[in-house]
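Here are the chains, one letter per residue:
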Amino acid sequence: MFPGATDDGEATDTADRSTRDGANFVVVGAPLDATTTFQPGTRFGPRRIRSLAEPFDDYDSRTDQHFSTLSVADRGDVRAWNDVPEYLEYLASTLREAVWNDAVPLMLGGEHTVSLAGVRAVEPEVFVCLDAHLDLYDAYDGNPLSHAAVTRRILEDVDAVEEVVLLGARTGSETEWERAAADDVTVVPPEAVGEWSPGDRLADREVYLSVDIDAADPGYAPGTGTMEPFGLEPRELRDVVREVAPHAGGFDVVEVNDRDDGQTAALAAKLVREFVFSHADG
Amino acid sequence: MAKQQTEVRELQEGSYVMIDDTPCKINAYSTAKPGKHGSAKARVEAEGVFDGKKRSLSQPVDAKIWVPIIERKNGQVVSVDGNDMQVMDLETYETITMRIPDDIDVSPDENIEYLEMEDQRKIV
């Protein structure tokens, strides 16, 4: 269970639903590890993130709030299996339940592919994503549901999505960069993220925020599958999360694996909490 | 309440199910593979037949669940009075009073189809 959240495992009896209906935020683990292309281990991501969140203080002095009073329910993991389309359908259904109950889903990945389920559930107009990679492949190794194609899928398969903002992106194939040049994609390179502000761009629009932890420089977040140097400072990720969170109806942090001493999961856990504090303070 | 029991695995999109003691129509049905020793689970996304509210449930596929028995009937509008109308059941000739939905225009002698479950009715 995410520290500070209430235990709200998936109910198997509809009579158990009353507690879940009242939560403001619902944590869902999505340990999918099916299409990772280099170093695997995202199946351990949700567990690592919850574990590394344990030492954090409940109180946030910036917003004068206690995490444990913000009504965060943790309904555990949606166990992953290899049929990715089927898994995403089931996962989206789980997240949609939170949306229907006026709660904000907080998804712990898992490879980045799971964001497609989050976006399907929230149906945002704008997909804001911190990521080292463009993830704009039409298909990677022939797989359109590869984690390297997730942003493209979100743009093309979710009707509600009008535009994508990619923050910290610094690598992609030639065809991905060509796709990124279209009007519905904005790429903010790492050097410019510190100065970036959404301004009025997100006002009165449905927004989904996704953090691929490899947006951070691998020096800070080595526990991820495809490390890409020259990345963001943790404080730059934090500032983006603080800015976007008040507008966002869904959030995820993905691509955390277990191949480090916990630095990556600690950063991910902290960003989840920053999102909750900032959204609640919003 | 008119209902019967079935297993969750028997449910399908377009059919009815009771969620939170409310009859609902199923919009989406998906299943999760079991863990090594777990039993497969199904998720149902549904919408209340009479109140339009979205609901969902997650249950093992072999769990028992209630399915409401909803009748589809034909009726004839006898008269209209403000927001209410008198409708004659074309099978039993019983006359009932129904609230006219905001998005529907009806006039006397018109034939309508409606869903009925106990005292609840909805025009389709």
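Remember, predicted model here, so these are calculated numbers, not experimental data.

Draft legend 1. Structural detail: the pairing of strand 7 (residues 126-130) of chain A. Residue and element names in this part refer to chain A. Among the five residues that make up strand 7, five are buried, leaving the element largely enclosed by the rest of the structure. Of the two faces of strand 7, the one carrying Val126, Val128 and Leu130 and the one carrying Phe127 and Cys129 are both buried. Pairing geometry for strand 7 and strand 8 (residues 163-167), over five bridges, is parallel. Within strand 8, the residue paired with Val128 across the bridge is Val165. Following the backbone out of strand 7, through helix 5 (residues 150-157) and into the adjacent parallel strand 8, one traces a crossover that is right-handed. Across five bridges, strand 7 lies against strand 10 (residues 207-212) in parallel orientation. Pairing of Phe127 across the sheet is with Tyr208, part of strand 10.

Draft legend 2. Geometry of the layout of surface pockets. All names here are of chain B. Looking at the largest pocket, its volume works out to about 400 Å³. Lining the largest pocket we find 19 residues, and of these Val49, Phe50, Arg121, Lys122 and Ile123 sit closest to its centre. Among the elements of the structure, strand 4 (41-48), strand 9 (95-99) and strand 11 (120-123) are those that each provide at least two residues to the lining of the largest pocket. Across the lining of the largest pocket, the residue classes tally to eight nonpolar, three polar and eight charged. Composition of the lining of the largest pocket by domain shows at least three residues from each of domain 1 (3-68) and domain 2 (71-123). Each pocket or cavity is described by its volume, and for the second largest pocket that value is around 300 Å³. In terms of residue class, the lining of the second largest pocket is built from six nonpolar, one polar and five charged.

Definitions and cut-offs
Position numbers for residues count from 1 along each chain, tracking the sequence in the order it is written. Note on labels: chains are lettered from A, ligands numbered from 1, in written order. Since the coordinates come from a predicted model, pLDDT governs what is reported: local features require at least 70, and pairs of side-chain atoms require 80 or more to be given and counted, while whole-chain, interface and lining totals use all residues. Computation of side-chain values: all heavy atoms of the structure, hydrogens and water removed. For every residue, the accessible area obtained with a 1.4 Å probe (protein chains only) is divided by the maximum for its type, and the residue is called buried under 20%, exposed over 50%, and partly exposed between those limits. Only DSSP runs of H or I reaching four residues or more are called helices, and only runs of E reaching two or more are called strands; each is numbered from the N terminus. In this scheme, strands are said to pair when DSSP sees at least two bridges between them. For the handedness criterion, the strands are oriented away from the viewer, and a crossover whose path from the first strand over the helix to the second runs clockwise is classed as right-handed. Definitions used for this entry: grid spacing 1 Å over protein atoms alone; cavity, a set of points where a 1.4 Å probe fits but cannot get out; pocket, an open set with protein on both sides within 12 Å along at least 5 of 7 lines; lining residue, one with an atom within 4 Å of a point. Grid points are joined across faces, edges and corners, and a volume is the space filled by probe spheres set on the points. Gly is placed with the polar residues, together with every amino acid not listed as nonpolar (Ala, Val, Leu, Ile, Met, Phe, Trp, Tyr, Cys and Pro) or charged (Asp, Glu, Lys and Arg). For each domain, the first and last residues come from an automatic or database assignment.

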